[in-house]
Every structure is written in C-alpha cells, then in structure tokens.
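Below are the chains, spelled out letter by letter.
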Amino acid sequence: MELKVLATRGAVKAALVIGLLGGLLSSVAHAATIDTEARQAILMDADTGTVLFAKNADQHMPTSSMSKVMTMYMVFDRLKNGKLSLEDSLPVSRRAWELGGAKTEGSTMYLPLGANVKVEDLIRGVLVQSGNDATIVLAEGLGGTEEAFCRNMTKRAHDMGMKDSNFTNAAGLPDANHYSTAHDLAILAIHTIHDFPEYYHYFSELEFTYNKIKQGNRNPLLYRNMGVDGLKTGHTEAGGYGLIASAKRGDRRLVLVINGLTSMQSRADEPARILEWGFHEFDDYALFKAGETVDTLPVSLGTADSVPVVIPDALKITLTAEQRRAMKVAVVTQLPLAAPVAKGAAVATLKVTAPDLQTLEIPLRAATDVPRLGLLGRMGAGLHRMIFGS
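All values reported here derive from a predicted model rather than from experimental measurement.

Requested: an account of the sheet that holds strand 18 (residues 346-353), with residues and values cited.
Ordered by their spatial adjacency, six strands build an open sheet running 16-18-19-14-13-17, and the pairing between neighbours is mixed. Both outer strands of the open sheet, strand 16 (328-332) and strand 17 (337-338), are each paired with one neighbouring strand and no more. Across five bridges, the pairing between strand 13 (residues 293-300) and strand 14 (residues 306-310) is antiparallel. Pairing of Thr293 across the sheet is with Val310, part of strand 14.

Spelled out as structure tokens, the structure:
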C-alpha cells in the first residue's frame, strides 16, 4: 500500500492516507439496503462481525427449536474438553419421552422409553431430526436436570455476549420466560462455527435414520446449491417460522437469523434472497496482517531517529464497492514522538472512515524501544536544530 505523509512537523497531527481498501469492523453497514417480511432478522459477516442488515434484531422473540443450537454448543463444549464422548450412552427418562413427542405434537426422534442412546445418535437426532426428546435427554444427561442445564446454558450465553437471552428449557418449547434475539442467535452461530469446527458438520447432514424411522434435515437451504452448511430451523405459533443459516463462498462466511415468517415456503425463500444479496453487495478486504508495520514515525531526542508502529491484530473489513472506493485510513498522533518510547506502548491511532459507516479507531504500538539520549546527546541534538533546523 502507498502511504502519503500529509503533516509531520512539530506537534502537528500527522495523517497517512491509504486509498486502496477500506471498511468497518464490527459495525453496521448502511450503504446497501434490503427489506424482509420477517418480524426479526439480522445478516452478519462471520469473520469481521459487520452487520450487513438488521430488522428488530435486538427485540425479544420466541426462539422455538433454534434454541437447540445453544443446547448443542453446551454438548460440543463437553465433547471438546473430554468430559463427554460420542460413544457415551444416555438414558431416555419418562419426562424426555413424554415432552419429547410421546404426548406432544412437537418434533421427535421417536426414542423408546428407558432406552440408552449413544451421544452421537442424540446429536443427529437434535440437528437433523430436531427431536425434542433427544434434546431433553442430552440436557438431563449433562445437567442432572433440564432446569440445572438451562441455568448453565443461560450463564454461558451471557458470557458469550448474548445479554438478551434467557433459556428455561433445552428444546425451545413455548414459555414466556424463554427468549432470545436475532442478534444474540447470530453471535451464538458464529461462536459455534468458530469454536467447534470438528463438530459443525453435523448441522449439514441431510438425513438420519433411528429406530427404522428416516427423517430429513428441516433446513431448506441445505438442499439448494448456494453454500449453506447449517444451522437450525424453528417454528412455534407465537414465534412463526424461523431459521439460523450460515453460508460460505470462497473465504467469506455469512450468518443469517430470521424469524416471524408466515410459512415454510417463506422460510425457504426469504433467507435465500437475503443471503444472495449479502454476498453480491458486500465483500471482505484484508487491510493489515497481525503485527504488520503500518508506518515509521519520527522520534525526538531518542537513540534512534524513528520507530516503526505496528497493528496488534489483523484487520479485515466488510464493505460495498462504493464504500471501498471512498474509504480513507489515517494514522493520527503527535509528531515527533518524544523519547523514551517503550516497545508495545500505544503511540498512535489508526483511523478508518467510509461513507455511512461509523469511524473505526485502533491503537498502534511501538515495535521497538527507543531510549532517550543522554545529556550530551540531547545538547548535541539541540545544537543541530539551532544550526540546521528541525
């Protein structure tokens, strides 16, 4: 990238302009617009956290079977830390048997009362067949009781930043105190994909047979050739038809949460339309690698005349083509820096701006130590300035 120094003398603020790539991290993009008939929706870039579209995204809503993604997050966590095995078996209690389908009209894996079922079968029963019975068996097996499991589930959700979520049951059965938001469920989906890549494939399996009963995955987008590889549908009378979906194309991954649709057909068509829009209108751009030197800034009265400044973390941004063309990046600081400069000290700020996007500011840190000159050195530097100027 070509950097142009606009101002570098005295205590004047300096700006380095990069006119190539741009965008905003963890921001809301307003430049492109779309609408939906859904009551709640959010579309996010999974890598940058950029919100591409939102409608009532922080509104409390019934989550129906989309809650099961949170249940599975807890299961995958146990598997990953070795406290649970795919080969372990868990018993089907009367409560799980009754609430999971025997005495209700909800989705079921058709588990026999009293059976011992492998954890891997239960996972497929939840994610492919949306079985309420399988979900409750896992909750009871991991938490002792479903109530205790849900307390842990809610706490873990809050720890992940899902501050507007409360889970009173593992399967998403109707309950006024059981709710989440589209935004929270998007956070959950991104965490699930990033934290458990070794288990994510279960979300994309198209069918599963248990007890000689074959059922297909209820996620309609898995059957369309559009890059969707998970996550979960949901439906209740109060919540309407909903879906958490993720699609990957090349290096990009988008996550969509949509709820309050009126039919299964609209649950298939609306998410597909919004995802296509997101891939078409936006793209990801890598601006800096982690630890990359952004610039070298002058230092006054130091053992070195300058110090490289680096960005601690990689910066990838999501934006439209129009925003990319208009983006500006500036390094803002007081120049020259006064020695001593400590390695790792925040000595400048990277400022990213683009139309319709909130300004992004990231601290830049000194890459090396620059000690202050001794007395004789400072006197010599002062004499040099007197004779030759700064």
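Run through the pattern of salt bridges, naming residues and quoting values.
Oppositely charged side chains may form a pair once their charged atoms are brought near each other. Scanning the model with the defined rule gives 18 salt bridges in all. Among the salt bridges present, the one from Arg252 reaches Asp45, with a minimum N-O distance of 3.7 Å. Taken together, the residues Arg252 in strand 11 (residues 252-261) and Asp45 in strand 3 (residues 40-45) connect sequence positions 207 residues apart. Of the two residues examined, Arg252 and Asp45, each falls in the buried class. Of the charged contacts in the structure, one is a salt bridge between Glu146 and Arg95, with a shortest N-O distance of 2.4 Å.

Run through the UniProt feature "active site" (unreviewed entry) in the protein, naming residues and quoting values.
Here the UniProt-annotated "active site" (unreviewed entry) positions come out as Ser65, Lys68 and Ser130. Across 66 residues, the annotated set stays spatially compact, with a maximum C-alpha separation of 8.1 Å. You can see Ser65 is positioned in the loop between strand 4 (51-55) and helix 1 (68-80). Taking the relative accessible area as the measure of exposure, Ser65 reaches 12% and is therefore buried. Secondary-structure assignment places Ser130 in the loop between helix 3 (119-127) and helix 4 (132-143). Residue class for Ser130 comes out buried when judged on its relative accessible area of 2%.

Would you mind going over the environment of Gly278 in detail, with residue names and values included?
Here Gly278 lies in helix 7 (residues 264-281). Measuring from C-alpha to C-alpha, the distance between Gly278 and Thr320 comes to 9.7 Å, with 42 residues separating the pair along the chain. Those residues within four positions of Gly278 in sequence are excluded, and the remaining contacts are Leu43, Leu52, Arg252 and Leu254.

Before we move on, can you summarise the environment of Ile136 with the specific residues and values?
As for its placement among the helices and strands, Ile136 is situated in helix 4. For Ile136, a relative accessible area of 1% gives the class buried. Counting along the chain gives 43 residues from Ile136 to Ser93, while the straight-line C-alpha distance between them is 8.9 Å.

Can you tell me about the pairing of strand 14, naming the residues and giving the values?
Following strand 13, the chain reverses through five residues before pairing antiparallel with strand 14; Leu301 in that reversal takes a positive phi of roughly 60°. Pairing geometry for strand 14 and strand 19 (residues 360-366), over two bridges, is antiparallel. When the bridges of strand 19 are listed, Val309 appears paired with Ala366.

Go over the side chain of Asn219 with me, naming the residues and quoting the values.
Of note, Asn219 is situated in the loop between strand 8 (213-216) and strand 9 (228-236). With a relative accessible area of 1%, Asn219 lands in the buried category. A distance of 3.1 Å separates a polar side-chain atom of Asn219 from the backbone nitrogen of Leu221.

Before we move on, could you go through unusual backbone geometry and cite the residues and values that matter?
Look at the link from Leu335 to Pro336: it is a cis peptide, with omega at -5°. Note that Pro336 resides in the loop between strand 16 and strand 17. Cis rather than trans, the peptide bond between Ala339 and Pro340 has omega equal to 5°. The residue Pro340 is located in the loop between strand 17 and strand 18 in this model. Positive phi is not limited to glycine here, since Lys212 has a value of about 65°. Along the chain, Lys212 turns up in the loop between strand 7 (207-210) and strand 8.

With reference to specific residues and values, describe the packing of aromatic side chains.
Evaluated as defined, the whole model comprises seven aromatic pairs. On the numbers, 4.8 Å between centres and 70° between planes, the contact of Tyr73 with Phe196 is edge-to-face. Here Tyr73, found in helix 1, pairs with Phe196, found in the loop between helix 6 (182-195) and strand 7; they are 123 residues apart in sequence, far enough to count as distant. What makes Tyr73 buried here is its relative accessible area of 3%. Accessibility expressed as a relative area gives 3% for Phe196, which makes it buried. In this structure an aromatic cluster arises from ring pairing among Tyr73, Phe76, Phe196, Tyr199, Tyr200 and Phe203.

Criteria and cut-off values
- Residues numbered from 1 in each chain as written.
- Predicted model: local features only at pLDDT ≥ 70, side-chain atom pairs only at ≥ 80, totals over all residues.
- Heavy atoms only, no water.
- Pairing = 2+ DSSP bridges.
- Helix = DSSP H or I, 4+ residues; strand = E, 2+ residues; numbered from the N terminus.
- Salt bridge = Lys/Arg side-chain N within 4 Å of Asp/Glu carboxyl O.
- Buried < 20%, exposed > 50% of the residue type's maximum accessible area, 1.4 Å probe, protein only.
- UniProt positions renumbered as here; feature names shortened; annotations may be inferred.
- Contact = heavy atoms within 4.5 Å.
- Polar contact = N/O pair within 3.5 Å; in protein donor to acceptor, adjacent residues only side chain to side chain.
- Phe/Tyr/Trp six-rings, centres within 6.5 Å; stacked < 30°, edge-to-face > 60°.

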